[in-house]
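Structure assessment
Listed below are the residues making up each chain.
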Amino acid sequence: MSSVASHLSTKLSPLGTLLALALPLVVISYRVLRVPRRAAKVARTDERVLILGGSSGIGRAIAREYATRGARVCLVARREEELRRVVDECAALCPEKSSHEGERVISVVADFTNVDDMVTVRGVVEHKWQGIDTLMVSAGASALRPLMEVAGLERLGTSFTPPQANVEGLRRAVEVANAAARINYTGPLVSAATFLPLLQSNSPAPAILLISSLGAVVPAPTRSIYASTKSASLVLYECLAIEHPAVAFSFAILATVQGDFRASAVDAGPVRESDPNRHGLLPEDVAQRCVRAVDTGEKFFWMPYLYSRLGHALYWIVPSFVEWRAGVKYKFSPQA
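Residues numbered from 1 in each chain as written. Predicted model: local features only at pLDDT ≥ 70, side-chain atom pairs only at ≥ 80, totals over all residues. Heavy atoms only, no water.

As annotated in an unreviewed UniProt entry, the chain carries the name NAD(P)-binding protein and comes from Postia placenta MAD-698-R-SB12. Under Function (unreviewed entry), UniProt gives the following word-for-word description of the chain: "Putative oxidoreductase." Taken directly from UniProt, the Sequence similarities (unreviewed entry) text for the chain runs: "Belongs to the short-chain dehydrogenases/reductases (SDR) family." (UniProt positions renumbered as here; feature names shortened; annotations may be inferred.)

**Comments concerning the confidence of the model for the chain**
Model confidence for the chain is summarised by a mean pLDDT of 89, while 87% of its residues fall at 70 or above. Long-range and interchain partners of residues 26–30, a stretch whose pLDDT sits below 50, account for one contact in this model, where long-range means more than four residues apart. (pLDDT = per-residue confidence, 0-100. Contact = heavy atoms within 4.5 Å.)

**Focus: the packing of aromatic side chains**
The description of an aromatic ring pair rests on the distance of the ring centres and on the angle between the ring planes. Counting across every chain of the model gives six aromatic pairs. Residues Y315 and W316 carry aromatic rings whose centres are separated by 5.5 Å and whose planes lie at 70° to one another, so their mutual orientation is edge-to-face. Here Y315 falls in the buried class, since its relative accessible area comes to 19%. Both rings, one in F321 and one in W324, keep their centres 5.9 Å apart while their planes meet at 45°; by these two values the pair is tilted. Taken as a pair, F321 and W324 lie in helix α11 (residues 319–329) at a separation of three residues, close to a single helical turn. For F321, a relative accessible area of 40% corresponds to the partly exposed category. Grouped by ring-pair contacts, the aromatic residues Y237, F249, F251 and F300 constitute a single cluster. (Phe/Tyr/Trp six-rings, centres within 6.5 Å; stacked < 30°, edge-to-face > 60°. Buried < 20%, exposed > 50% of the residue type's maximum accessible area, 1.4 Å probe, protein only. Helix = DSSP H or I, 4+ residues; strand = E, 2+ residues; numbered from the N terminus.)

**Regarding the packing of helix α6 (residues 167–202) against helix α7 (residues 224–243)**
Close contact between α6 and α7 brings their axes to 8 Å; oriented N to C, the two are set at 15°. Put simply, α6 runs roughly parallel to α7. Like other packed secondary-structure pairs, α6 and α7 cross with a definite hand, here right-handed. Judged by residue contacts, V176, A177, A180, A181, N184, Y185, P188, L189, S191, A192 and L196 of α6 engage I225, Y226, T229, K230, A232, S233, L236, Y237 and L240 from α7. The class makeup of the residues in the contact of α6 with α7 is 15 nonpolar, four polar and one charged. (Axes fitted to C-alpha atoms, helices over the stretch in contact; angles between N-to-C directions. Parallel < 35°, antiparallel > 145°, perpendicular 65-115°, else oblique. Left-handed = near helix turned anticlockwise from the far one by under 90°. Nonpolar A, V, L, I, M, F, W, Y, C, P; charged D, E, K, R; others polar.)

**Notes on the sheet that holds strand β7 (residues 207–213)**
Across the sheet, which stays open at both edges, the seven strands sit in the order β3-β2-β1-β4-β7-β8-β9 with parallel pairing between neighbours. Each of the sheet's edge strands pairs with one partner strand only, and the pair in question is β3 (105–109) and β9 (300–303). Looking at each pair of strands side by side, their axes are set apart by 15° on average, direction ignored. Seen against the sheet, α7 touches β4 (134–137), β7, β8 (248–254) and β9 and runs at an angle of roughly 155° to β7. This element, helix α10 (residues 305–317), spans β8 and β9 of the sheet and lies at about 110° to β9. (Pairing = 2+ DSSP bridges.)

**Let's talk about a nonpolar patch on the surface**
Taken together, the side chains of W316, I317, V318, F321, W324 and V328 make up a nonpolar region of the molecular surface, amounting to roughly 670 Å² of accessible area. Where the nonpolar patch is concerned, the elements lending two or more residues are α10 and α11. Among the elements that make up the nonpolar patch, the one with the highest residue count is α11 (three residues). As for its placement among the helices and strands, V318 is situated in the loop between α10 and α11. (Patch = residues over 30% accessible without salt bridge, like charges linked within 9 Å, V, L, I, M, F, W, Y side chains within 5 Å. Areas by Shrake-Rupley, 256 points an atom, 1.4 Å probe, with all protein chains shown as cover. Salt bridge = Lys/Arg side-chain N within 4 Å of Asp/Glu carboxyl O.)

**Brief notes about the nonpolar core**
Among the nonpolar cores identified, the biggest contains 42 residues, and L50, V76, M118, Y237 and F249 are the most heavily contacted of them. Of all the elements, α6 adds the most residues to this core, at seven residues. Setting aside its immediate chain neighbours within four residues, M118 contacts L52, V76, A110, D111, F112, V190, T194 and F195. In terms of nonpolar packing, the next biggest core, distinct from the first, is built from 34 residues, A77, V257, V286 and A293 among them. (Core = buried A, V, L, I, M, F, W, Y, C linked by side-chain atoms within 4.5 Å.)

**A look at the pattern of salt bridges**
When charged atoms on two side chains of opposite charge get close, those side chains can pair. Summed over all chains, the structure comprises 15 salt bridges. Between D133 and R48 there is a salt bridge, with its nearest N and O atoms 2.9 Å apart. Placement of the pair is D133 in the loop between α4 (115–129) and β4 and R48 in strand β1 (residues 48–52), with a sequence separation of 85 residues. Taken as a pair, D133 and R48 share a single burial class, namely buried. One salt bridge connects R262 with E273, and the closest N-O pair in it is separated by 2.9 Å. In this pair, R262 is assigned in the loop between β8 and α8 (276–279) and E273 in the loop between β8 and α8, connecting sequence segments 11 residues apart. In this pair, the class of R262 matches that of E273, namely buried.

If you want it as structure tokens, here you go:
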């Protein structure tokens, strides 16, 4: 019996080698040759796009990308002045000729974590456009401090000063966690529950894209609250993708992105890593990749691809190395 197994192994090894060599080529070819198929069902100038968190950063860049190609865009954000500025930018970018003159770019001042606000937004897009084709969930909140620090403790090696968190510190930690969870988890949950039925019933090719983070799948020091809340929304949408196969879900797994996202951290923490505006991804590049993912029905994409994918894989192979590198990036030493 063992001789038969040995014979089969010898015969199959060249085939296995060939498959091992061919698989990367197949994957690369698939990604390079992937062409937009959604346009056959939803014309680019007819696409109805709802962007939650559209007043700045990636959301603003996505809005500009869609406006440039003539799609109908609805921007949602809490800050009215910034929202109005982006609406004006998008209106100026729209092609001169459009069958939807006067309603190509609209906006609603709203909080995507607020149920009443989201019902209002749904009413607006139903009234204006009879529904939506694409939902972009790009709003989020950062948190930049270690949990024990949020709870009022200073770490000295393996000990703390004071030695334990008091009631006030623990309450502060809960408040910060709730603030992050409200924006990074509850907001996406409310958005999905509000707009999924509308998408499925009114679009020939419904699509949802969630802006997530590399921190949602690879842990990092000083990011415990942020990463855990982003991970929660990512898994939520992954489950929804299974529950609602008629909707094409896409997930953007992003490393550091340029901009002032960290300036409004819910824990008022300092930026520890190197200047994001020198080393981060450009929001415009992320926006183009997001739109392409929706066009082609791509479920996951990683930016920058090699850095993010390699980091994710290495975390399962040599987790101590990835943890050390994350500590270097965020200037965190376990011995401090």
